[in-house]
Amino acid sequence: MILDLFGLICAYAAGSCRDVSTSVYVVALAGVVLVYVVIHIIFFTLDQKEKKPEDPKEMDGKREVLLLLAILVATLTYQAGLTPPGGFWPATFADESGRHHAGYPVLHDNYPKRYKAFFYCNAASFMTSVALILLLVNPALYKIGIRCYALYVCMVAGMFGLVGAYTAGSSRRLRTSIYVLVLA
């Protein structure tokens, strides 16, 4: 399963990026999320004193909710990463001036800043959700990660990335984007 998820990360990076350096940044983003959570868990474990044991049913319930949200976010962001808002330029619109390239996102050419915001928010949300899935399948890590709130921090960051991607990809005006962000 871990190899499958790493394969999914690489497929996302290869399918949603148009150059190698951006693909490397996206894969590095997943590594940063994993390193953050592991370091947070290590410091929490070193600082932790004996406490009463938690109810296993309550811990499993928290894990199931986090896993459900992480899978939902991974599904949404993977799809959005491979088919960005506005779609792609078809081959018939490729022109000699080099302005439009067949297979490149329309949003990238028409609103480059919005596309960049969409892309990085979506990629951050995807990588955060995949890292959460990786951590939630390991009982030794998820129990400590839930207790020290590291997994909750990752989920909140992933949800903010999802909202940011939605805002950047769905509205054309800055004012509308601000309204959507305030509502969220």
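Residues numbered from 1 in each chain as written. Predicted model: local features only at pLDDT ≥ 70, side-chain atom pairs only at ≥ 80, totals over all residues. Heavy atoms only, no water.

Asker: So, the packing of aromatic side chains: which residues are in play, and what are the values?
Answerer: Working definition: an aromatic ring pair is given by the centre-to-centre distance plus the angle between the planes. In total, this model carries seven aromatic pairs according to the counting rule given. Look at tyrosine 12 and phenylalanine 126: their rings are 4.3 Å apart centre to centre, the planes differ by 20 degrees, and that puts the pair in the stacked class. Placement of the pair is tyrosine 12 in helix α1 (residues 2-16) and phenylalanine 126 in helix α5 (residues 112-136), with a sequence separation of 114 residues. Across this residue pair, the class does not change: tyrosine 12 and phenylalanine 126 are buried. Over the ring of tyrosine 142 we find arginine 63; its NZ or CZ atom is 5.1 Å from the centre of that ring. (Phe/Tyr/Trp six-rings, centres within 6.5 Å; stacked < 30°, edge-to-face > 60°. Helix = DSSP H or I, 4+ residues; strand = E, 2+ residues; numbered from the N terminus. Buried < 20%, exposed > 50% of the residue type's maximum accessible area, 1.4 Å probe, protein only. Lys NZ or Arg CZ within 6 Å of the ring centre and 35° of its normal.)

Asker: Break down the packing of helix α3 (residues 56-82) against α5 for me, with residues and values.
Answerer: Axis separation between α3 and α5 bottoms out at 8 Å; the angle between their running directions is 145 degrees. As for how α3 packs across α5, the hand of that crossing is left-handed. Along the contact surface, α3 presents Arg63, Leu66, Leu67, Ala70, Ile71, Val73, Ala74, Thr77, Tyr78, Ala80 and Gly81, while α5 presents Phe118, Asn122, Ser125, Phe126, Ser129, Leu132, Ile133 and Leu136. In the contact of α3 with α5, the residues fall into 13 nonpolar, five polar and one charged. (Axes fitted to C-alpha atoms, helices over the stretch in contact; angles between N-to-C directions. Left-handed = near helix turned anticlockwise from the far one by under 90°. Contact = heavy atoms within 4.5 Å. Nonpolar A, V, L, I, M, F, W, Y, C, P; charged D, E, K, R; others polar.)

Asker: How would you sum up the packing of α1 against α5? Please name residues and give values.
Answerer: Here α1 crosses α5 at 175 degrees, and the two axes come no closer than 10 Å. Here α1 lies roughly antiparallel to α5, going by the angle between them. On α5, the residues that touch Ile2, Leu5, Phe6, Leu8, Ile9, Tyr12 and Ser16 of α1 are Tyr115, Phe119, Asn122, Ala123, Phe126, Met127, Val130, Ile133 and Leu134. Here the contact of α1 with α5 is built from residues that sort into 14 nonpolar, two polar and no charged. (Parallel < 35°, antiparallel > 145°, perpendicular 65-115°, else oblique.)

Asker: Outline the nonpolar core, supporting the account with residue identities and numerical values.
Answerer: Core analysis: the largest hydrophobic core is formed by 40 residues, its most contacted members being Val26, Val37, Phe126, Met127 and Leu151. Of all the elements in the fold, those that place two or more residues in this core are α1, α2 (20-47), α3, α5, α6 (139-147) and α7 (150-170). Setting aside residues up to four positions removed in sequence, phenylalanine 126 forms contacts with Leu8, Ile9, Tyr12, Ala74, Thr77 and Tyr78. (Core = buried A, V, L, I, M, F, W, Y, C linked by side-chain atoms within 4.5 Å.)

Asker: Account for the pattern of salt bridges, with residues named and values stated.
Answerer: Under the defined criterion, the tally for this structure stands at one salt bridge. Across the pair lysine 62 and glutamate 58 runs a salt bridge, and its minimum N-O distance is 3.3 Å. In this pair, lysine 62 and glutamate 58 both sit in helix α3, four residues apart, roughly one turn of the helix. (Salt bridge = Lys/Arg side-chain N within 4 Å of Asp/Glu carboxyl O.)

Asker: Go over the environment of serine 129, please, and point to the residues and values.
Answerer: Position of serine 129 relative to the elements: it lies in helix α5. Apart from the residues within four sequence positions on either side, serine 129 is in contact with Ala70, Val73 and Ala74. A distance of 2.8 Å separates a polar side-chain atom of serine 129 from the backbone oxygen of phenylalanine 126. (Polar contact = N/O pair within 3.5 Å; in protein donor to acceptor, adjacent residues only side chain to side chain.)

Asker: Quick one: what's the story with α5, residue by residue and with numbers?
Answerer: Compared with the 36 Å implied by 1.5 Å per residue over 25 residues, the 36 Å span of α5 between its first and last C-alpha is a close match. Burial analysis of α5 places 18 of its 25 residues in the buried class, which makes it a mostly covered element. (Expected span 1.5 Å × (residues − 1).)

Asker: Residues and numbers for a nonpolar patch on the surface, please.
Answerer: Judged by side-chain polarity, Val35, Val38, Ile39, Ile42, Phe43 and Leu46 come together as a nonpolar surface patch covering roughly 580 Å² of accessible area. Locating valine 35 in the fold gives a position in helix α2. (Patch = residues over 30% accessible without salt bridge, like charges linked within 9 Å, V, L, I, M, F, W, Y side chains within 5 Å. Areas by Shrake-Rupley, 256 points an atom, 1.4 Å probe, with all protein chains shown as cover.)

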